[in-house]
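Here is what each chain is made of, one letter per residue.
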Amino acid sequence: MRQLVFLPVFALALSGCALFQPQGGPKATVAPAAAPEAAPAVATTPLGTARAVSAAALDQTTAEEKAAALAAPAKGGERELGKVVVALGPPAEQGIWLSSALVKEKAQGRIVTAEGKSLAVELRPGTGAALLSLAAFQALGLGLTSLPEVTVFGS
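Calculation notes
Residues numbered from 1 in each chain as written. Predicted model: local features only at pLDDT ≥ 70, side-chain atom pairs only at ≥ 80, totals over all residues. Heavy atoms only, no water. Helix = DSSP H or I, 4+ residues; strand = E, 2+ residues; numbered from the N terminus. Buried < 20%, exposed > 50% of the residue type's maximum accessible area, 1.4 Å probe, protein only. Contact = heavy atoms within 4.5 Å. Areas by Shrake-Rupley, 256 points an atom, 1.4 Å probe, with all protein chains shown as cover. Salt bridge = Lys/Arg side-chain N within 4 Å of Asp/Glu carboxyl O. Phe/Tyr/Trp six-rings, centres within 6.5 Å; stacked < 30°, edge-to-face > 60°. Lys NZ or Arg CZ within 6 Å of the ring centre and 35° of its normal. Pairing = 2+ DSSP bridges. Axes fitted to C-alpha atoms, helices over the stretch in contact; angles between N-to-C directions.

Here the focus is the overall build of the protein. Counting its regular elements, the protein contains four helices and eight strands. Mapped in sequence order, the helices and strands of the protein form the string α-β-β-α-α-β-β-β-β-β-α-β. Across the 155 residues that make up the protein, the buried fraction comes to 26%. If you take every contact in the protein between residues at least 6 apart in sequence, the share linking residues at least 24 apart comes to 69%. For the protein, the computed accessible surface area is about 10,900 Å², with 63% contributed by carbon and sulfur atoms.

Written as structure tokens, this is what we have:
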């Protein structure tokens, strides 16, 4: 009895193998399509295709604003809030800012990298991992995929 049940299942499974066999006959040759002359970069994502956009195109902060933030001196009365490892925040959010759980309300502050570079930033309250704006990453010369540790100062 057991063999009678197994035999139809085996035959059905075996018949599906024909779907995976190469088709007989001569192979058709297809001429390659001409490549477009100045095609923009297109990335394939799980949701479809998207046009690649450079970090410079996303950052609307001017070079003067970045230079002013780098040159801003430490303010009197500021205190060290702590050290955090920062990741790149949403590139669409413009400005020079840091979002961190160390901050309870929006305020002006400063961050200092392990290399000693100082940058005036807007401190924003956050939860979870600390995020640093695209403009801040670029002003400090940090790699966009790096996870640098910074010291946060605020009032």
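This part is about the pattern of salt bridges. In total, this model carries four salt bridges according to the counting rule given. Taking the shortest distance from any N to any O, the salt bridge between R110 and E78 comes out at 2.4 Å. Taken together, the residues R110 in strand β5 (residues 107-113) and E78 in the loop between α3 (63-71) and β3 (79-88) connect sequence positions 32 residues apart. When salt bridges that share partners are traced, they join E93, K106, E122 and R124 into one network.

Applying the stated criterion to the full structure yields zero aromatic pairs. Sitting over the face of the ring of F153, R110 holds its NZ or CZ atom 4.5 Å from the ring centroid.

Bringing the pairing of β3 into the picture now. Relative to strand β8 (residues 149-154), β3 runs antiparallel, the two being bridged by six bridges. If you follow V84 over to β8, its bridge partner there is V150. Summarising the sheet, β3 and strand β7 (residues 130-132) pair through three bridges and their orientation is parallel. Bridged to V86 within β7 is A130.

Turning our eyes to something else, we now look at the sheet that holds strand β6 (residues 118-125). Sheet architecture is closed into a barrel: six strands sit in the order β3-β7-β4-β6-β5-β8, paired in mixed fashion. Between one strand and the next, the sheet's axes are offset by a mean angle of 40°, whatever the strand orientation.

Time to look at the pairing of β8. Where burial is concerned, most of β8 is hidden: five out of the six residues are buried. Inspection of the sheet shows β5 paired to β8 by four bridges, in the antiparallel sense. Bridging across to β8, V112 finds its partner in T151.

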